[in-house]
Amino acid sequence: MKLQNKVMLITYPDSMGHNLKDLNYVLENYLKGAIGGLHILPFFPSAGDRGFSPMTYDKVDEKFGDWSDIEALSSKYYTMFDFMINHLSKHSEYYKDFVKNKDKSKYKDLYLNWDKFWPENRPTQADVDLIYKRKDRAPYQTIEFADGTKTNIWNTFGEDQLDLDIRTETTKKFVKDNLVNLANHGASLIRLDAFAYAVKKLDSNDFFVEPEIWDLLKEANDDLKGTDAQLLPEIHEHYKYPFKVSEHGYFVYDFALPMVLLYSLYNGKSKRLADWLRKSPMKQFTTLDTHDGLGVVDAKDILADDEIDMTTNELYKVGANVKRKYSSAEYHNLDIYQINTTYYSALGDDDKKYFISRLVQVFAPGIPQVYYVGLLAGQNDLKLLEETKEGRNINRHYYEVDEVAEEVKRPVVAKLLNLLRFRNEEEAFDLEGSIDITTPSESQIQIIRENKAKTRKAVLNLDLASLEYSVKVNDKEVNFD
């Protein structure tokens, strides 16, 4: 199915029920009309990182179901699947063959060899310091072959996630075969996870390396010619990076909106939000929450440093059960620039503020993505957090099917589902249409969305201080209760 301009749900295969069949049941029985697209987070056999350390892309992990379950969903919803273009699990058959057969392995060029990457007498400390790292040390891991010899492999993320060498023909074939396979199983979009880390180059910081990053993106795009699938490069960093990708014609993420909107709701002022929405491209997916934490670095230079600090401090003050330690090494936080919380709890579990945040998201440029916990206005899951000591699990509650059935009866959730149905059905949100944003006063914002044919006009008037709002379509009031 081709991509549609409808709300996309982000969910793990086992977060609304226990498997993909349960997910299908929930969508059909409790979320009808509110969801048009589905980002199913990694459903492949994986050795860790909640699916983001895949062992293969050929199979669906049997505890979730099989390809027929995936195809049943992709026949009714436009779907997005993940492809980890930067790394692959050490538990994969590819890696096992490499360790066993070393230079005789047909996968010997799949992984990026740290030792061979550097010229003689390098890397120097200056080289290592230059790398944009996720660790406080050089990003490599020593592996041992079956014959007892050792080598070092580039290792940006977790211990199980060894980096691929995207320069080699072996890896290019691996990428193409898997992208085409995912497209053939119904992917409308393929999310290139950790995309900005995939290219490594001497004398660079090894993050979003130009012009090579564009060569990689073009190759991946060419791999998908003849299919309906499009690429969505995932980049959690300064907004200049997704803006560059947008200029090349691709869909991007708006990961800055969550912090910008929190800032605006915390201080009751509209200028920063309006400025950001005016800059944002229409060909994007908006987020308020994802499977990771709230991105802080994504909002840099949209908000001033003191405004980011104010937002962060206020979040810890007014947020429900949000503590700094949940985003620290003590709780295995992968990224110091992310805050672990649900969006509902970041707003103090306040139904009115939460609904308004989704109202702004719906009127923002692009297509809304709603994370499953956010769809159900979920509170921080402190029980799961403490059981696992994994900070991000605060926002990864496991819902039983019966639990979903109860949650959708809550007024805030029922109202949100009505809002999402409105977004899916209303032609004013045409991606080829226009958006006009004004700030009648310091606390007010007006957003007007009009379709290309100029037959439908949706208007949001919102006061961020008083939290009063109205929505009209062609001058008729819309009520979401």
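Now for a look at the structure at hand. Remember, predicted model here, so these are calculated numbers, not experimental data. (Residues numbered from 1 in each chain as written. Predicted model: local features only at pLDDT ≥ 70, side-chain atom pairs only at ≥ 80, totals over all residues. Heavy atoms only, no water.)

This next bit is on the sheet that holds strand β19 (residues 476–477). Strand pairing in a sheet takes place through backbone hydrogen bonds and is either antiparallel or parallel in direction. With respect to topology, five strands assemble into an open sheet ordered β15-β16-β17-β18-β19, the strand pairing being antiparallel. Strand pairing shows two members of the sheet lacking a second neighbour, β15 (434–438) and β19, which therefore form its edges. Pairing between strand β16 (residues 444–450) and strand β17 (residues 457–463): seven bridges, direction antiparallel. Of the residues in β17, the one forming a bridge with Gln 446 is Asn 461. Contacts between helix α13 (residues 351–363) and the sheet are confined to β15, β16, β17 and β18 (469–473), with β17 contributing the most and set at about 145° to the helix. (Pairing = 2+ DSSP bridges. Helix = DSSP H or I, 4+ residues; strand = E, 2+ residues; numbered from the N terminus. Contact = heavy atoms within 4.5 Å. Axes fitted to C-alpha atoms, helices over the stretch in contact; angles between N-to-C directions.)

Time to look at the sheet that holds strand β8 (residues 187–193). Taken in spatial order, the eight strands of this open sheet run β9-β8-β3-β2-β1-β14-β11-β10, and their pairing is parallel. Each edge of the open sheet is held by one strand with a lone partner, namely β9 (230–233) and β10 (252–254). Sheet twist, expressed as the mean angle between neighbouring strand axes with direction ignored, is 30°.

Turning our eyes to something else, we now look at unusual backbone geometry. Of note, the bond from Arg 122 into Pro 123 is cis; its omega dihedral lies within 30 degrees of zero at 15°. With respect to the helices and strands, the residue Pro 123 is situated in the loop between α4 (114–117) and α5 (125–130). If you check the backbone angles, Ala 194 has positive phi at about 55° while not being a glycine. Tracing the backbone shows Ala 194 in the loop between β8 and α7 (212–223).

With that settled, the discussion passes to the pairing of strand β2 (residues 37–40). Across the two faces of β2 the burial is the same, with Gly 37 and His 39 and Leu 38 and Ile 40 all buried. Relative to β2, strand β1 (residues 8–11) is paired through four bridges, and the arrangement is parallel. Across the sheet, the residue bridging to Ile 10 is His 39, located in β2. With helix α1 (residues 20–30) bridging β1 and the parallel β2, this β-α-β connection has right-handed handedness. Where β2 lies against strand β3 (residues 78–84), three bridges are found, and the strand directions are parallel. Each residue of the ladder has a partner; that of Leu 38, found in β3, is Thr 79. Between the parallel pair β2 and β3, the chain is carried across by helix α2 (residues 67–74), and the sense of this crossover is right-handed. (Buried < 20%, exposed > 50% of the residue type's maximum accessible area, 1.4 Å probe, protein only. Right-handed = clockwise from strand over helix to strand, strands pointing away.)

We now examine the pattern of salt bridges. With the rule as written, the count across this model stands at 41 salt bridges. In this structure, the salt-bridge partner of Asp 82 is Arg 191, at a minimum N-O distance of 3.0 Å. With Asp 82 in strand β3 and Arg 191 in strand β8, this pair connects stretches of sequence that are 109 residues apart. With a relative accessible area of 3%, Arg 191 lands in the buried category. Two residues, Lys 102 and Asp 147, come together in a salt bridge whose shortest N-O distance is 3.6 Å. Placement of Lys 102 in the loop between α3 (93–101) and α4 and of Asp 147 in the loop between β5 (140–144) and β6 (150–154) is noted, with a sequence separation of 45 residues between them. (Salt bridge = Lys/Arg side-chain N within 4 Å of Asp/Glu carboxyl O.)

A complete count under the given rule lists five cavities of 30 Å³ or more for this structure. The wall of the largest cavity is formed by Ile 235, Glu 237, Tyr 239, Pro 242, Phe 243, Tyr 253, Asp 254, Phe 255, Ala 256, Trp 276, Gln 284 and Asp 298. Put simply, the parts of the chain that give the lining of the largest cavity at least two residues each are α8 (240–247) and β10. Looking at the lining of the largest cavity residue by residue, the classes come out as eight nonpolar, one polar and three charged. Taken as a whole, the second largest cavity encloses approximately 60 Å³ of empty space. If you trace the second largest cavity, you find it lined by Ile 10, His 39, Arg 191, His 236, Tyr 253, Phe 255, Thr 290, His 291, Asp 292 and Gln 369. When the residues that make up the lining of the second largest cavity are grouped by side-chain class, the tally is three nonpolar, five polar and two charged. (1 Å grid on protein atoms, 1.4 Å probe; cavity = no way out; pocket = protein on both sides within 12 Å on 5 of 7 lines; lining within 4 Å. Points joined across faces, edges and corners; volume = space filled by probe spheres on them. Nonpolar A, V, L, I, M, F, W, Y, C, P; charged D, E, K, R; others polar.)

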